[in-house]
Amino acid sequence: MQNSDSEVKLEMVDEGLDSVPVQGNLSSPYQPTSGNIGDPNFNSLDEPVRDTIMRDLKAVCTKFKHVIRPSDKKSILKDWDLWGPLLLCTLMAMILQGDENINDFHDGGPQFAEVFVIVWVGAMIVTLNSKLLGGNISFFQSVCVLGYCLLPMAIALICCKVVLMIQYNFVNGHYPLVFHTLRFWITLFALHWTCKAVWKFLADVHPSERRGLAMYPIFLFYTVIGWLVLSYSV
């Protein structure tokens, strides 16, 4: 019985080796490939670090242009990344770090964490809602679009800070209603800009009968960020 078992095992090994032949030349050196990103032979490990950084920066700037002028939605959905959302989120969190005009005991620490929690956790929640409603988009594609569409809100935050500098440094805090109204309209315009961009990118990936249910939480998400911009820039 033992001999028969060993013979069977040998036959199985021999048969497996015959059915899966080894191919390729293991002694030949690796030849680096070149080409454009997305090509079958493209390999980013063979390019210099400087080229990799410049290529990623160019891709981020291209996505920012698509948010400013929402036209080509395929490129931002196809070549997704999280560098742009990380830069925008960090920029907004740094600007929202406390303000000496509020009080002397405010250190701004919770605001920095608050921005990250609202942006990333909020984006994940609305993305999960989109997936549950049958959205034809991947998780990271949705987070990428939601993060890049923060660009108008970041611009509005910078503009609000400039308005506040003018108010406190040039007019000594006078006419608060005028400056508050100006910041309100800046934030409202940025919110409209953001919602228009995210509608252009994400509306068609949801079923038409569930599009409203999918987009409403996204608009609410940006409304909360807009309120954060308006209320914490005082």
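*Asks:* Please set out the overall build of the chain residue by residue, giving values where relevant.
*Replies:* When its secondary structure is counted, the chain shows 9 helices and 0 strands. Taken from N to C terminus, the helices and strands of the chain fall in the order α-α-α-α-α-α-α-α-α. Among the 234 residues that make up the chain, the fraction classed as buried is 32%. Counting only contacts in the chain whose residues sit at least 6 apart along the sequence, the fraction spanning at least 24 positions is 69%. Surface exposure of the chain reaches about 15,100 Å², of which carbon and sulfur atoms provide 65%.

*Asks:* Tell me what's going on with the pattern of salt bridges, and back it up with residues and numbers.
*Replies:* By the definition in use, this model includes 2 salt bridges. Lys63 is the partner of Asp81 in a salt bridge, and the nearest nitrogen-oxygen pair spans 3.0 Å. With Asp81 in the loop between helix H3 (73-78) and helix H4 (83-95) and Lys63 in helix H2 (residues 49-68), the pair connects residues that are 18 residues apart, well separated along the chain. Considered together, Asp81 and Lys63 belong to a single accessibility category, that of buried residues.

*Asks:* I'd like a description of the packing of H4 against helix H7 (residues 151-170), backed by residues and values.
*Replies:* H7 packs onto H4 with a crossing angle of 25 degrees between their chain directions and a minimal axis gap of 10 Å. For the element pair H4 / H7, the angle class is roughly parallel. Of the two possible hands of crossing, H4 and H7 adopt the one that is left-handed. Along its contact with H4, which presents Leu88, Leu91, Met92 and Ile95, the element H7 presents Leu151, Met153, Ala154, Leu157, Ile158 and Lys161. Here the residues of the contact of H4 with H7 are counted per class, giving 9 nonpolar, no polar and 1 charged.

Rules and cut-offs
- Residues numbered from 1 in each chain as written.
- Predicted model: local features only at pLDDT ≥ 70, side-chain atom pairs only at ≥ 80, totals over all residues.
- Heavy atoms only, no water.
- Helix = DSSP H or I, 4+ residues; strand = E, 2+ residues; numbered from the N terminus.
- Buried < 20%, exposed > 50% of the residue type's maximum accessible area, 1.4 Å probe, protein only.
- Contact = heavy atoms within 4.5 Å.
- Areas by Shrake-Rupley, 256 points an atom, 1.4 Å probe, with all protein chains shown as cover.
- Salt bridge = Lys/Arg side-chain N within 4 Å of Asp/Glu carboxyl O.
- Axes fitted to C-alpha atoms, helices over the stretch in contact; angles between N-to-C directions.
- Parallel < 35°, antiparallel > 145°, perpendicular 65-115°, else oblique.
- Left-handed = near helix turned anticlockwise from the far one by under 90°.
- Nonpolar A, V, L, I, M, F, W, Y, C, P; charged D, E, K, R; others polar.

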